[in-house]
Amino acid sequence: MPIHESSLPNTLDSDKEKNSEAFGFSVLKACYERWKSGYGSESWVVKKQRFDYNRSFSVGKQPMSEYKDIIDTDGQLSVINLQYTPNPIAIPFLNRLKDRYMQRVEKISCVSIDPFTQSKKEKAKNEALFKMKHKEEIIALQQDAGFELEEFKDTDPEDEQELDIEFGFNYKEREEVVMENLINLVFYDNKWSKVIKDRVFDDLINCGYSVTKTYIDPNGRIKLKFVKPDNFITSYSEWNDMRDWEWQGEVDYMTITDIRLKYPGKFSEEQLFDLAKEHSGLFNNALWTYNWSYVWLNAVARPYDSYRVQVCNLTYKTLYNLNYEKKTDRFGKEILDPAKELKEGKEYEKSKPYYVSYTGAYIINTDKVLEWGLSKNMIKPEKNLTEILSPYTVYMYNNNQMVNTPLIETMIPSIKMMQLLNLKTQNIIATIAPDGSNIDFAGLSDIDLGSGIGVVSPLQLYGIYLQTGNMYYKGIGDNGEDRRQPPITPNNVNFSNKLQQLEQQWQSEYQKLVTIIGSNALDSGQINNQAVGKQVFQDARKQGESASNYIYNAYLNIMEPTAQKVQQLGWDILVYKKGGYEGYMAALGNDKVEYIRLESTDDFERAQFDVKIEAVLDDTAQAILKERINIALGNKEITLQDALQVEELSQTNVKYASYLLASRQKKREKQRIKEAQLNSQSNTEAAIAAAEAKSNGEMQVIQLKNDLEKERENERLEAMKTEEMTKYASIMKIELMKALFAQGKTMEQLPSMIFDGIGLIDKTNKQLLMEELAENEREAQQMAQQMAAEEEEAMMQQQQQGMEQEQMMQGEEQMNMGEEEMMQGEEEQMM
């Protein structure tokens, strides 16, 4: 087929014709050339130059040659030697913008919308409603039965509002949980949030659109990658998401080694040699210096293996008919299964025309087709199986005939002006003359300072002026009549007005960028008033973000379709094991995957999913809700577990998170009232028990006191007896000594037994003895008086106790008599 042919073949050709490589080459070449021409608006060459130019400004590497032509004035040295290094003006603006969006967290939500799963959800909700309304009866039955019928948890809904929140946002069926986890796993495995997300924002800012590709690699993994907008091939569309695509693909580069490994046997080694030779000096390939050698047929390495060629990869959408044969599935249901090989003499049924995709690749500027055929892993929307989805996801905001204005292009005019103003400022500073003086040398001539110095030259007088500030000149001429002006006048060069004008113009351009990017003084950290409140800051930031939120919305319009395609490919892998990566089963749980396989049928209508990306956009509402959560936690109106659930829900829906918070506060209030009632009852019972215990305790204390009093009385009486006996013995000894002295006995003649117990040691000290005897006599008298007083007091106490007991007995008799009289009165009334 000739290389120059570029007309698209008829999409209504027969399936046999479409399967041919010649048909594929026509499609590949025609699609590539139509895209490269730009559909009459902007060719690929112009678009590539524009994108490169935009990127140079966004990274602060904009070309500076155009400024030399603007400010050059006849090659002045001061202009030629200016510092022409570009100022990175766009970098801080774009970094703030990207950082703002990179910090946002997007949550992938996968909800099943098919009737089968919806009926399971409705059944689970009805069971939860029954469990909520008949909680007490179920608990009573469990107590009677002795085993658990239902498990009740603290987080169970207690009213219909909580029930709606639970089943509207929190509850998920097993299929939904598995698919949601699979999508998150694929996004994590492909480093979406760390790599692809940042690249998507770069392309949206610099090129006006961004592209991702979703596919299954040879190892069965679902892969995500970004595609350079420069190399993205697509059919014409005026939709922002290009939903009416006919073909899409990308220009890529492959080495000779890659072609040999990916398409073994497709080309001979000599053809690969010629291919490398044709691309000598292109795509960073070295110049050709080799001749063909048969040694390279079986060589391990060849000098041209690293040569690169440009390849067009394409996904082509067209109508198709399938031949079906009747079979029976594992459930005994008769189905029509696509026939993989057509056998002669066998009847097949044909399906209605439906859309399929072909996958093709060819080496650009050659007639070599690398592959062509029906796509192996087509992405079919579950809601409409007759349609087909492109593996590429693209979004071009403000698409107008396949051209739009990227964000950076709205900034470039101001950046150029700011760069020019900076160079003008340098030019003024470089060409300005230093401050000097106007000097009239005639006025400085013939000046004689005296002191033998003589006449001083004008230069010497000027030196004196510079060193001392003193100016010596003749104010009157030699004729005595001419009045002379000071010969030296300072000449101050004033250029501040020019610089101020340039600075004002620079600030004006800066404010334009602030408006374009959606930033402001508060958002960029330029806060002059330190008393700015948190709410003012949040409102200012929200207002500023509104100017560039279309960039973030474009990103969401790329992420969500990408997640939907991941879900559809993942469902095929899990249900039908289409060469899928086994690690998915291990990560998601083999039991869960097997459950889905058993529940699935050959009809996809039993499992349809709606994948949404829920992003946090309302930072103000988030902050208000968080403050309410903190207050509720501080007042112990909710538990920590409640707070975590509310915060998790707030990441996707602030409104329903607020409902959940209010519901949990109400629930905890009911629990506190119930606990207070139980505590009150427990306190009453405890008070009664304490009163009874107190009464018993008081009786025991009284009894113990009586026992102690008796014991003390007995000890006192025993002590008194011992003391009396001691006193009596001492008195007997003293009286005996008195009687012996009366008979004329001396101290030496007294028997030694008399001194035992008296405490005398020195027998020669008679005075001490007499004093001791006198003291003993006085003590004996005092003790006798004390004993008499104590005996009298004890008798009075006994008499008083006897009278009190008698009065108590009389009181009891009177009470008994009163009760008998009352009983008699009641009996008489009854009679």
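Predicted model only: the values in this text are computed from it and were never measured.

## Remarks on the overall build of the protein chain
Across its full length, the protein chain carries 24 helices and 17 strands. Within the span of the protein chain, comprising 831 residues, buried residues form 36% of the whole. Long-range pairs, those at least 24 residues apart, make up 71% of the contacts in the protein chain with a sequence separation of at least 6. Just so you have it, the protein chain exposes about 49,800 Å², and 51% of that area is on carbon and sulfur atoms.

## Describing the nonpolar core
Judged by nonpolar contacts, the single largest core of 58 residues is most densely connected at F187, L407, M411 and Y555. The greatest single-element share of this core, amounting to 14 residues, is contributed by helix α18 (residues 549-576). In this structure, I233, Y316, V356 and V369 belong to the second largest nonpolar core, which totals 24 residues.

## Here's the deal with the sheet that holds strand β3 (residues 222-227)
With respect to topology, three strands assemble into an open sheet ordered β3-β2-β12, the strand pairing being antiparallel. Two strands bound the open sheet, and with one partner strand each, they are β3 and β12 (392-396). Each adjacent strand pair in this sheet contributes to an overall mean axis angle of 15 degrees, direction not counted. Inspection of the sheet shows strand β2 (residues 209-216) paired to β3 by six bridges, in the antiparallel sense. When the bridges of β3 are listed, T212 appears paired with F226. Across the sheet, α18 lies against β2, β3 and β12, angled at about 5 degrees from β2, the strand it touches most.

## Description of the packing of aromatic side chains
One pass over the full model with this rule turns up 33 aromatic pairs. Their ring planes at 70 degrees and their centres at 5.0 Å tell us that Y53 and F57 sit as a pair that is edge-to-face. Linking Y53 with F57, this pair stays in helix α3 (residues 44-58), spanning four residues, or about one helical turn. Overall, the relative accessible area of 1% leaves F57 in the buried class. Ring centres 6.3 Å apart and planes at 15 degrees place the aromatic pair F201 and Y552 in the stacked group. With a gap of 351 residues between them, F201 in helix α11 (residues 192-206) and Y552 in helix α18 connect regions that are remote in the sequence. Each member of the pair, F201 as well as Y552, is classed as buried. Among the aromatic residues, those joined into a ring-pair cluster are F273, W288, Y290, W292, Y294, W296, Y304 and Y307. In this arrangement the basic side chain of R100 is found over the ring face of Y101, its NZ or CZ atom lying 5.6 Å from the centre. A cation sits over an aromatic face here: R308 above Y253, 4.5 Å from the ring centre.

## Regarding the sheet that holds strand β10 (residues 354-363)
Within the open sheet, the five strands sit side by side as β4-β5-β6-β10-β11. Their pairing is antiparallel. Single-partner strands in this sheet number two, and they are β4 (232-234) and β11 (369-374). Strand-to-strand twist across the sheet, computed as the mean angle between neighbouring axes with direction ignored, equals 20 degrees. Examined bridge by bridge, strand β5 (residues 247-255) and strand β6 (residues 308-320) share nine bridges and lie antiparallel to one another. Across the sheet, the residue bridging to E250 is N313, located in β6.

## Things to note about the side chain of N206
Relative to the elements of secondary structure, N206 occurs in helix α11. On the basis of relative accessibility, which here comes to 7%, the residue N206 falls in the buried class. Within polar-contact distance, the side chain of N206 engages the side chain of S58 at 3.2 Å. Every residue in contact with N206, bar those within four places of it in the chain, is listed here: F51, N54, R55, S58, P406 and I408.

## Examining the pairing of β12
Where burial is concerned, most of β12 is hidden: five out of the five residues are buried. Side chains Y392, V394 and M396 of β12 all project onto a buried face; the interleaved residues T393 and Y395 project onto the opposite face, where all are buried too. The sheet contact formed by β2 and β12 spans five bridges and is antiparallel. Within the sheet, the bridge partner assigned to K213 lies in β12 and is Y392.

## Looking at the confidence of the model for the protein chain
Per-residue pLDDT for the protein chain has a mean of 77; in total, 69% of the residues score no lower than 70. Mean pLDDT across the secondary structure elements of the protein chain bottoms out at helix α5 (residues 77-80), with 48, and peaks at β12, with 97. Considering only residues more than four positions removed or in separate chains, one finds that residues 524-537, a stretch of pLDDT under 50, has 13 contacts. Every residue in residues 759-765 scores below 50 in pLDDT, and together they form four contacts with partners more than four places removed in sequence or on other chains.

Rules used in this analysis
- Residues numbered from 1 in each chain as written.
- Predicted model: local features only at pLDDT ≥ 70, side-chain atom pairs only at ≥ 80, totals over all residues.
- Heavy atoms only, no water.
- Helix = DSSP H or I, 4+ residues; strand = E, 2+ residues; numbered from the N terminus.
- Buried < 20%, exposed > 50% of the residue type's maximum accessible area, 1.4 Å probe, protein only.
- Contact = heavy atoms within 4.5 Å.
- Areas by Shrake-Rupley, 256 points an atom, 1.4 Å probe, with all protein chains shown as cover.
- Core = buried A, V, L, I, M, F, W, Y, C linked by side-chain atoms within 4.5 Å.
- Pairing = 2+ DSSP bridges.
- Axes fitted to C-alpha atoms, helices over the stretch in contact; angles between N-to-C directions.
- Phe/Tyr/Trp six-rings, centres within 6.5 Å; stacked < 30°, edge-to-face > 60°.
- Lys NZ or Arg CZ within 6 Å of the ring centre and 35° of its normal.
- Polar contact = N/O pair within 3.5 Å; in protein donor to acceptor, adjacent residues only side chain to side chain.
- pLDDT = per-residue confidence, 0-100.

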